[in-house]
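# Remarks on the overall topology
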Amino acid sequence: MLDLICENGDVQTQDGLWADSPLAIRGLTVTYGQKPAVFSVDMTVAAGQMTAIIGPNGAGKSTLLKAALGIIPSVSGRVKVFGADLAQQRARIAYVPQRASVDWDFPTRVIDVVLMGLYREVGLMARIRGQHRARAQACLERVGMQDFANRQIGQLSGGQQQRVFLARALAQAADLYLLDEPFAGVDAATEKAIISVLKSLREAGKTVVVVHHDLATVRDYFDNVFLINTRKIAEGPVETTFTADTLQEAYGGRLAATQVDQLQAVVG
Amino acid sequence: MVLLDALLLQLGYNATLVSLGAALLGAAAGITGTFLFLRKRALVSDAVSHATLPGVCVAFLLMAAFGGDGRNLAGLLLGSALSAWAGLCCLNWLTQRTRLAEDAAIGAVLSVFFGFGVVLLTVIQTLGVGRQAGLEGFLLGSTAGMLFSDALVIAAGGAGALVVILFARRALTLVAFDPDYATAQGLPVARIDMLMMGLVMAVTVVGLKIVGLILIVALLIIPAVTARFWTERSERVVLLAGVFGAVAAYFGAALSASAPNLPTGPLIVLVSFALFALSLMFAPGRGVLAAVVRQRRFQRRVHLRQGLLALAQGQPIYEALTLRLLRRSGLARADGVATESGKARAAKALRDEARWEVLRRDHAHGPAAALYDGLRAIETVLTADQIAEIDRKIGGPKEVRT
């Protein structure tokens, strides 16, 4: 571990967390062309808690998540999942991509999408059996979509699409859940359903990381925040880290007046 | 009735061989092409198929130079596969390593490889080496003088592609729907994409002889697009595309065998287009006609509802369509005055609106209230008891019941 020199030079304390953390990132850098989207970011996700990744638009929130999962290539950096290499821990990670990242006119039904979450378990060639279907159905029930199993996915509303994506992640029975903007453009009922599922995951000892954009709900929903604006701004418990200072630093001059008011109300 | 004979495989050994070979090729191309279509990379196959031409020519030259038969099909196909692979690698390099978008890269690779191939073809013709006659057949497909061994090559290639797909279908579907999620789950997405392109290449190469390299793209894409009209499930799209591809190829090949000098490839493409056009118009659900009917039916419901509410509130009806619909349903007379049954229905419509009003103001009915769209009958969201409860709040019927 001597090759790990973190941004803040705080090698020793980080090393301890490195081994325990469900998701530990060191020096991760991603560039599009010559411009870094994420620059030398360290992140240590606390186990069994809910963490929000927040920052302004284009700050690299989603990019950080995708690069950590190897979905987009990174220039440098290392990622450990539960202390081991990513490749060995894929089965313990459930990823929920942004809703808009797929074509919802794809010819498939809701239940088939949820069954995709079981591919690692079923195998790519074996038959899907009744027990698998039952599990997928149970996951749909957890997000309140049990009546939609046989619907074509194109007929769903935005909120319903998001719930189906969450059900697919639940089907994996993972230990670490990574969600990219699950609350973007969904109705209030869906937001409630999703957050209660996420909280139940935390109660079951799972770790949840959410790319989040609504500063007003951070305090209600999350234990920890990770503020990013290309570089890491701050990381830690909501009470101590989600402050006017860190937000100002992360958002810079990019907050509109209304948002500043909103912030003041949130941070107090 | 030569065509009928051709369809019934009565035109002799060669025509029979061609029709059966074409059907198998059509099935393989339709099924393989579906994954390409679902992955939204349909046009890549056009670049791949055009990139086969230089390989065919070089293979011919090499085989002729070493004193062999320049027209040996297996040799030509091997050459075409190698150059298709080179074209695919160029394409991948251009899209991944440069800022060129995939459509531009496809255009570049397609035209350069094809141009190079045409130059080689001209050179071969001027050199007069070997028995070059028939090499142009690879452009648009030719089935004259097809040998049993040729048919075997095609059959083996098509069957091989189908077997691979049988095992890889779930991976291919998952990657086509959500490549990011597939990566996160640990699937080797790049390799699965490569496998898909390899299958496309195999189908293209074995299809060169029958359909020709210019039109093979049609056999890969049109059946998939056609099948999509009929079903909302990917596994059924795959199977249907296989059926459509087989039918089109079989009919097309039989047509071309029914008269001398009819090119096989273009006829197969025209038959598959006919299937596509029929599906586009008449498919239930996604077809054009079905959409028009649905739209009209919906419009009718809107107009009837608005008309009934206007009647109930004693407002004049200006829209000709509304009036016509009311009249045809026996709800109003030609002058716009409600009939007896019209009055009853109008009163009910107004009452339902009032019930919805109550429902929507009551937060306890949130999910049910969200279903309000002005058209939905309230009986579909509430039980008779709940409606009676609402009616108690509204008070007794104000309208005259008939």
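Treat the numbers as computed from the prediction; the structure is a model and nothing was measured.

Calculation rules
- Residues numbered from 1 in each chain as written.
- Chains lettered and ligands numbered in written order.
- Predicted model: local features only at pLDDT ≥ 70, side-chain atom pairs only at ≥ 80, totals over all residues.
- Heavy atoms only, no water.
- Helix = DSSP H or I, 4+ residues; strand = E, 2+ residues; numbered from the N terminus.
- Rg over C-alpha atoms; globule rule 2.2 N^0.38 Å.
- Contact = heavy atoms within 4.5 Å.
- Lys, Arg positive; Asp, Glu negative; His and termini not counted.
- Charge placed at Lys NZ, Arg CZ, Asp CG, Glu CD.
- Pairing = 2+ DSSP bridges.
- Axes fitted to C-alpha atoms, helices over the stretch in contact; angles between N-to-C directions.
- Buried area = accessible area lost by both parts, 1.4 Å probe.
- Salt bridge = Lys/Arg side-chain N within 4 Å of Asp/Glu carboxyl O.
- Buried < 20%, exposed > 50% of the residue type's maximum accessible area, 1.4 Å probe, protein only.
- Phe/Tyr/Trp six-rings, centres within 6.5 Å; stacked < 30°, edge-to-face > 60°.
- Lys NZ or Arg CZ within 6 Å of the ring centre and 35° of its normal.
- Parallel < 35°, antiparallel > 145°, perpendicular 65-115°, else oblique.
- Left-handed = near helix turned anticlockwise from the far one by under 90°.
- Nonpolar A, V, L, I, M, F, W, Y, C, P; charged D, E, K, R; others polar.
- Core = buried A, V, L, I, M, F, W, Y, C linked by side-chain atoms within 4.5 Å.
- Patch = residues over 30% accessible without salt bridge, like charges linked within 9 Å, V, L, I, M, F, W, Y side chains within 5 Å.
- Areas by Shrake-Rupley, 256 points an atom, 1.4 Å probe, with all protein chains shown as cover.
- pLDDT = per-residue confidence, 0-100.

So, about the overall build of chain B. Secondary structure summary: chain B contains 18 helices and zero strands in total. A compact globule built from 402 residues would reach a C-alpha radius of gyration of about 21 Å, whereas chain B, at 31 Å, exceeds it by more than 25%. Overall, the C-alpha framework of chain B stretches about 100 × 55 × 35 Å when taken along its three principal axes. For chain B, long-range pairs separated by at least 24 residues make up 68% of all intrachain contacts whose partners lie at least 6 apart in sequence. Distance between charge centroids for chain B: 3 Å, based on 37 positive and 25 negative side chains.

Moving on, we get to the sheet that holds strand β8 (residues 207-211) of chain A. Hydrogen bonding along the main chain pairs the strands of a sheet, whether they run parallel or antiparallel. Residue and element names in this part refer to chain A. Taking strand neighbours across the sheet as the criterion, the six strands line up as β6-β7-β8-β3-β9-β10 in an open arrangement whose pairing is mixed. Of all the strands in the sheet, just β6 (93-96) and β10 (231-237) have a single pairing partner and so form its edges. Neighbour-to-neighbour, the strand axes of the sheet open up by a mean angle of 15 degrees, direction not taken into account. As judged from the four bridges shared by strand β3 (residues 50-54) and strand β9 (residues 224-229), these two strands associate in the parallel manner. Its bridge partner lying in β9, alanine 52 is registered against valine 225. Lying over the sheet, helix α6 (residues 158-171) contacts β6 and β7 (176-180), oriented at roughly 170 degrees with respect to β6. Running over the sheet, helix α7 (residues 188-203) touches β3, β7 and β8 and is turned about 130 degrees from β3.

Taken together, the 23 residues of chain B in the interface contact 32 residues of chain A. Considering only the side of chain B, the residues that lose the most area to chain A are Arg170, Phe177 and Tyr181 of chain B, jointly responsible for 32% of the buried surface there. Along the contact surface separating chain B from chain A lie five salt bridges. Looking at the side of chain B that touches chain A, the elements that each hand over two or more residues are α8 (148-177), α9 (179-184) and α12 (234-257) of chain B. Broken down by element, the side of chain B that touches chain A gets its largest block of residues, seven residues, from α8 of chain B.

Let's shift gears to the pairing of β6 of chain A. Residues and elements named next belong to chain A. Because side chains alternate across β6, one face comprises the buried residues Ile93 and Tyr95, and the other comprises Ala94 and Val96, equally buried. Sheet topology places β6 next to β7; four bridges connect them, and they run parallel. Pairing of tyrosine 95 across the sheet is with leucine 178, part of β7.

Okay, the environment of glycine 160 of chain B next. In this structure, glycine 160 of chain B sits in helix α8. Once the C-alpha coordinates of glycine 160 of chain B and valine 269 of chain B are considered, the two residues, 109 residues apart in sequence, prove to be 23 Å apart.

Our focus in this paragraph is the packing of aromatic side chains. The tally for this structure, following the rule as stated, stands at eight aromatic pairs over all chains. Summarising the aromatic geometry, the rings of tryptophan 104 of chain A and phenylalanine 165 of chain A are spaced 5.1 Å apart at their centres and angled 45 degrees between planes, so their arrangement reads as tilted. Placement of the pair is tryptophan 104 of chain A in the loop between β6 and α3 (110-116) and phenylalanine 165 of chain A in helix α6, with a sequence separation of 61 residues. What makes tryptophan 104 of chain A buried here is its relative accessible area of 11%. Arranged with centres 6.4 Å apart and planes meeting at 70 degrees, the rings of tyrosine 250 of chain B and phenylalanine 251 of chain B form a pair that is edge-to-face. Classification of tyrosine 250 of chain B as buried rests on a relative accessible area of 18%. On the basis of relative accessibility, which here comes to 38%, the residue phenylalanine 251 of chain B falls in the partly exposed class. By way of ring pairs, the aromatic residues Trp104, Phe106 and Phe165 of chain A together with Phe177 of chain B are connected into one cluster. The aromatic ring of phenylalanine 82 of chain A is capped on one face by arginine 92 of chain A, whose charged end is 3.8 Å from the ring centroid.

Here we take up the pairing of strand β4 (residues 76-81) of chain A. Residues and elements named next belong to chain A. Note that strand β1 (residues 23-32) and β4 share four bridges and pair antiparallel. Note that in β4 the partner of alanine 24 across the bridge is lysine 80. Direction of pairing for β4 relative to strand β5 (residues 84-85): antiparallel, over a ladder of two bridges. The partner of lysine 80 across the bridge, within β5, is aspartate 85. Where β4 folds back onto β5 in an antiparallel hairpin, the turn is made up of two residues, including phenylalanine 82, whose phi is positive at roughly 50 degrees.

Okay, the packing of helix α11 (residues 216-228) of chain B against helix α13 (residues 264-282) of chain B next. Residue and element names in this part refer to chain B. The interhelical angle for the contact between α11 and α13, taken along N-to-C directions, is 15 degrees, at an axis separation of 9 Å. Viewed along their axes, α11 and α13 adopt a mutual orientation that is roughly parallel. Our pair here, α11 against α13, has a crossing hand that is left-handed. Residues Ala218, Leu219, Ile222, Val225 and Thr226 of α11 form the contact with α13, whose participating residues are Ile268, Val269, Ser272, Phe273, Leu275, Phe276 and Ser279. Among the residues forming the contact of α11 with α13, the class breakdown is nine nonpolar, three polar and no charged.

Residues and elements named next belong to chain B. In this fold, histidine 303 is placed in helix α14 (residues 288-312). Here histidine 303 falls in the buried class, since its relative accessible area comes to 8%. If near-sequence neighbours (up to four positions away) are discounted, histidine 303 is found in contact with Glu319, Leu321, Thr322 and Leu325.

Nonpolar side chains in soluble globular proteins tend to be buried together. All names here are of chain A. One finds Ile54, Tyr177 and Leu198 to be the most contacted residues of the largest nonpolar core, which totals 116 residues. Residue contacts for isoleucine 54: discarding those within four places in its chain leaves Lys61, His212, Leu215, Val218, Val225, Phe226, Leu227, Ile228, Phe242, Leu247 and Tyr251. Among the nonpolar cores identified, the runner-up in size contains 28 residues, and Ile53, Ala67, Leu176 and Phe226 belong to it.

Let us look at a positive patch on the surface. All names here are of chain B. Taken together, Arg296, Arg297, Arg300, Arg324, Arg327 and Arg328 make up a surface patch of like positive charges. Elements that contribute at least two residues to the positive patch include exactly α14 and α15 (320-328). Assignment of secondary structure puts arginine 300 in helix α14.

All names here are of chain A. Mean pLDDT over chain A: 87, with 87% of residues reaching 70 or higher. The model gives residues 1-6 a pLDDT under 50, and that stretch makes 14 contacts with residues more than four places away or in other chains. Confidence drops under pLDDT 50 across residues 8-14; counting only partners more than four residues distant or on other chains, this segment forms seven contacts.

Glancing now at the pattern of salt bridges. This model, assessed by the stated rule, comprises 20 salt bridges over all chains. A salt bridge links aspartate 175 of chain A to lysine 206 of chain A; the shortest N-O distance between them is 3.5 Å. With aspartate 175 of chain A in the loop between α6 and β7 and lysine 206 of chain A in the loop between α7 and β8, the pair connects residues that are 31 residues apart, well separated along the chain. Overlapping salt bridges, with partners in common, bring together Asp105 of chain A together with Arg228, Glu232 and Arg286 of chain B in one network.

So, on to the sheet that holds β5 of chain A. All names here are of chain A. The four strands are arranged β2-β1-β4-β5 in an open sheet whose pairing can be described as antiparallel. Sheet topology places β2 (35-45) and β5 at the edges, where each strand pairs with a single neighbour. Bridge count for β1 against β2 is seven bridges, and the pairing is antiparallel. In the strand pairing of β2, isoleucine 25 is matched with methionine 43. Relative to β1, helix α2 (residues 61-68) is tilted by about 115 degrees, and along the sheet it contacts β1, β2 and β4.

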